[in-house]
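Overview (structure and organization)
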Amino acid sequence: MKGTATPGLSRREFLAGASAVGGVAIASAAAPTQITTMAPFEKLPPYGNNTLPAGVKPRLVPNVNGLTVNMLEAGAQGRPLILLLHGFPNLGYSWRKVMPAIADAGYYVVAPDCRGYGRTVGWDRSWDADPTPFLTLNMVRDQIALVYALGYRKAELIVGHDQGQLMATYAAIVRPDMFLRLTTVSGQGGAPPSFPFAGTERKPAYTAAELDAEFAKLNPPRRDYQEYWASKQADDDMKHMPQSMSDFFRAFYYMKGGEFPGNQNLTPLRPMPTAREAAAENARMPEYYVMRRDRGMPATMVAFMPSKEYIANCKWFTQAECDVYGQEYAASGWTGALHNYRHRRTAFPANIAEQLTFSGRTIDVPAQFIAGKQDWGANRIAGGAEGAGKTGYTKFRGVQLVDRAGHWPQEEQPEIVSQQLIGFLKST
């Protein structure tokens, strides 16, 4: 396997100097404690750790825009292609439960670990790495290169969950000839940002700094989770957790899932005219979204660990499945996932500059949005999940709400999500 990275080297320098020995890429011996190779993964069970459904299997695909991509696949290659993109902090593994039904419907379906995640290698793992490879357009190029590497020139459907929706949405904007349909899951997606037209510019009612100052005045003082994930503190916290990685994912999935008490009977956030009012309105959400100011994410999750009884009886996210996430992130680390979070956010100037290239463009392929009814992530903007698709789309086909699902509908209610995806394919 090729494509490991050394913090002290550029990606080009590393790839030029690495050599494949026994299927493992070995970088320069200098500063060995700084080097990440595939060796940690070789100590683990096969990807999925015997939890993959029948017919779903892992595969490595080399030479994908500088990456060796680890992905799951189902169905016979040569059938129409479906591409599933995961969000933060997930893996291609998160799509395992919907893949058999899509394959049975006559498709070849793949779900990669995206750049920075899991067993996909070939990117710089240092915190101060060049952000350019993690900007939106290069992440889209990753998907174009993967489609080509698999011997295709088009995908019948691209699906993006959470942050994966940004890649999927821009794939549809940039290459509608290649990505023929779009589904976003848990994150709505929409048209690109735009330059001011004819001198008119809409400015926000308050700045992020003003909102943060009001969060600090709440009792207890709070902060926005997105600002936290983009910070160096987050990278340090995830390297020094008080709990095991599996326990972190157990609490994390529980707190953002459909069964968490704080996600029941939610109503979408209302737009507020001032930062002070907005801070109070946002504080209605669970502490994952508006964190206590004196806690990082690991400490937040410790406070919301579900009971042993819940864990033993949880059918949609078994302990064996939870352990897959735990072992994969323990081996890969979080820095790559945080690269994605930091550099593809709407607050990152270089990313906005790229997206402004497409000012005025609409999404012109058939599109739909799938969201869990118990997901705050889909209800953080005015109108909530049901307000999706009203602007920026020319062929929007509707919102599909999934009951008894939070932020992970493809894992919580895979049968329903599978039916929605297949129905969308057949009807468009």
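Refer to the structure printed above.
Figured I'd write up the structure that's included with this text.

Thresholds applied
- Residues numbered from 1 in each chain as written.
- Predicted model: local features only at pLDDT ≥ 70, side-chain atom pairs only at ≥ 80, totals over all residues.
- Heavy atoms only, no water.
- Helix = DSSP H or I, 4+ residues; strand = E, 2+ residues; numbered from the N terminus.
- Expected span 1.5 Å × (residues − 1).
- Buried < 20%, exposed > 50% of the residue type's maximum accessible area, 1.4 Å probe, protein only.
- Contact = heavy atoms within 4.5 Å.
- Axes fitted to C-alpha atoms, helices over the stretch in contact; angles between N-to-C directions.
- Parallel < 35°, antiparallel > 145°, perpendicular 65-115°, else oblique.
- Left-handed = near helix turned anticlockwise from the far one by under 90°.
- Nonpolar A, V, L, I, M, F, W, Y, C, P; charged D, E, K, R; others polar.
- Pairing = 2+ DSSP bridges.
- Right-handed = clockwise from strand over helix to strand, strands pointing away.
- Salt bridge = Lys/Arg side-chain N within 4 Å of Asp/Glu carboxyl O.
- Core = buried A, V, L, I, M, F, W, Y, C linked by side-chain atoms within 4.5 Å.
- Lys, Arg positive; Asp, Glu negative; His and termini not counted.
- Polar contact = N/O pair within 3.5 Å; in protein donor to acceptor, adjacent residues only side chain to side chain.

1. Notes on helix α4 (residues 136–149)
In a regular helix each residue adds 1.5 Å, so 14 residues correspond to 20 Å; α4 covers 20 Å between its end C-alpha atoms and thus fits that length. Of all the positions in α4, only Thr 136, Leu 137, Asn 138, Met 139, Val 140, Asp 142, Gln 143, Ile 144, Leu 146 and Val 147 are classed as buried. At the exit of α4 stands Gly 151, carrying a positive phi of roughly 85°.

2. Observations regarding the environment of Tyr 325
Among the structural elements, Tyr 325 can be located in helix α13 (residues 319–332). For the pair formed by Tyr 325 and Asp 104, sequence separation is 221 residues and the distance between their alpha carbons is 26 Å.

3. Some words on the side chain of Asn 379
Residue position: Asn 379 is located in the loop between β11 (367–372) and β12 (396–402). Setting aside its immediate chain neighbours within four residues, Asn 379 contacts Leu 266, Pro 268, Leu 269, Gly 384 and Ala 385.

4. Considerations on the packing of helix α9 (residues 245–255) against α13
Remark: α9 packs on α13, axes separated minimally by 8 Å, with the N-to-C direction vectors making an angle of 120°. The orientation of α9 relative to α13 falls into the category oblique. Taken as a pair, α9 and α13 cross one another with a handedness that is right-handed. Counting all contacts with α9, which are made through Met 245, Ser 246, Phe 249, Arg 250 and Tyr 253, the residues of α13 involved are Gln 319, Cys 322, Asp 323, Tyr 325, Gly 326, Tyr 329 and Ala 330. Split by residue class, the contact of α9 with α13 holds seven nonpolar, three polar and two charged.

5. With respect to the sheet that holds strand β6 (residues 108–112)
Spatially, eight strands are ordered β3-β4-β6-β5-β7-β8-β11-β12 in an open sheet, and the strand pairing comes out mixed. A single partner strand is all that each edge strand has here, and the edge strands are β3 (57–64) and β12. Averaged over all adjacent pairs, the angle separating strand axes in this sheet is 20°, with direction ignored. Across six bridges, the pairing between β3 and strand β4 (residues 67–74) is antiparallel. Across the sheet, Val 61 pairs through a bridge with Val 69, a residue of β4. Taken strand by strand, helix α5 (residues 164–174) contacts β5 (81–85), β7 (157–161) and β8 (182–185), and its axis lies near 150° from that of β7.

6. Here's the deal with the pairing of β6
The buried fraction of β6 is high, at five of five residues. Residues Tyr 108, Val 110 and Pro 112 of β6 are buried on one face, and the alternating residues Val 109 and Ala 111, pointing to the opposite face, are buried as well. Strand direction decides the pairing type here: β5 and β6, joined by three bridges, are parallel. Bridge assignment links Ile 82 to a residue of β6, and that residue is Val 109. A crossover connection joins β5 to the parallel β6 through helix α3 (residues 99–104); in handedness this β-α-β unit is right-handed.

7. So, the environment of Gly 118
Counting through the fold element by element, Gly 118 comes out in the loop between β6 and α4. Overall, the relative accessible area of 2% leaves Gly 118 in the buried class. Excluding residues that lie within four positions of it along the chain, Gly 118 makes contacts with Phe 41, Leu 91, Asp 113 and Ser 332.

8. A closer look at the pattern of salt bridges
Tallied over the full model, the rule gives 18 salt bridges. For the salt bridge of Arg 293 with Asp 212, the shortest nitrogen-to-oxygen distance reads 2.8 Å. Note that Arg 293 is positioned in the loop between β10 (290–292) and α11 (297–302) and Asp 212 in helix α6 (residues 208–217), a separation of 81 residues in sequence. Residue classification places Arg 293 among the partly exposed positions, given a relative accessible area of 32%. Assessed through its relative accessible area of 27%, Asp 212 is described here as partly exposed. In this structure, Lys 232 engages Asp 236 in a salt bridge whose closest nitrogen and oxygen atoms are separated by 2.8 Å. Here Lys 232 and its partner Asp 236 are both found in helix α8 (residues 232–239), four residues apart, which amounts to about one turn of the helix. For Lys 232, a relative accessible area of 38% gives the class partly exposed. Ionic contacts of the salt-bridge type, sharing partners, join the residues Arg 96, Lys 97, Glu 321 and Glu 411 into one network.

9. Considering the nonpolar core
If you look at the biggest cluster of nonpolar residues, it comprises 113 residues, and the most contacted ones within it are Trp 229, Phe 248 and Trp 334. Discounting residues that sit within four places of it in the chain, Trp 334 has contacts with Phe 88, Pro 89, Trp 229, Asp 235, Met 238, Met 245, Phe 248, Phe 249 and Tyr 329. Within the second largest apolar cluster, five residues are counted, among which are Phe 369, Ala 378, Ala 385 and Ala 388.

10. A word on the pairing of β8
Burial of β8 is two-sided: the residues Leu 182 and Thr 184 facing one way and the residues Thr 183 and Val 185 facing the other way are all buried. Pairing analysis gives four bridges linking β7 to β8, with the strands arranged parallel. The partner of Ile 158 across the bridge, within β8, is Leu 182. With α5 bridging β7 and its parallel neighbour β8, the resulting β-α-β unit is right-handed.

11. Topic: the packing of α4 against α5
It is at 9 Å that the axes of α4 and α5 come closest, and there the two elements cross at 80°. Between α4 and α5, the crossing angle belongs to the class labelled roughly perpendicular. In this structure, α4 uses Thr 136, Leu 137, Met 139, Val 140 and Gln 143 to contact α5, whose residues at the interface are Leu 166, Met 167, Tyr 170, Ala 171 and Val 174. Here the residues of the contact of α4 with α5 sort into eight nonpolar, two polar and no charged.

12. Comments concerning the side chain of Arg 250
Tracing the sequence through the fold places Arg 250 in helix α9. The buried charged residue Arg 250 lacks any salt bridge, with Asp 247 as its nearest oppositely charged partner at 6.8 Å. Side chain to side chain, Arg 250 and Gln 319 meet in a polar contact 3.4 Å long. For Arg 250, the residues in contact, after removing those within four places along its chain, are Met 305, Pro 306, Tyr 310, Ile 311, Cys 314, Phe 317, Thr 318, Gln 319 and Cys 322.

By themselves, these observations are geometric and do not establish any function.
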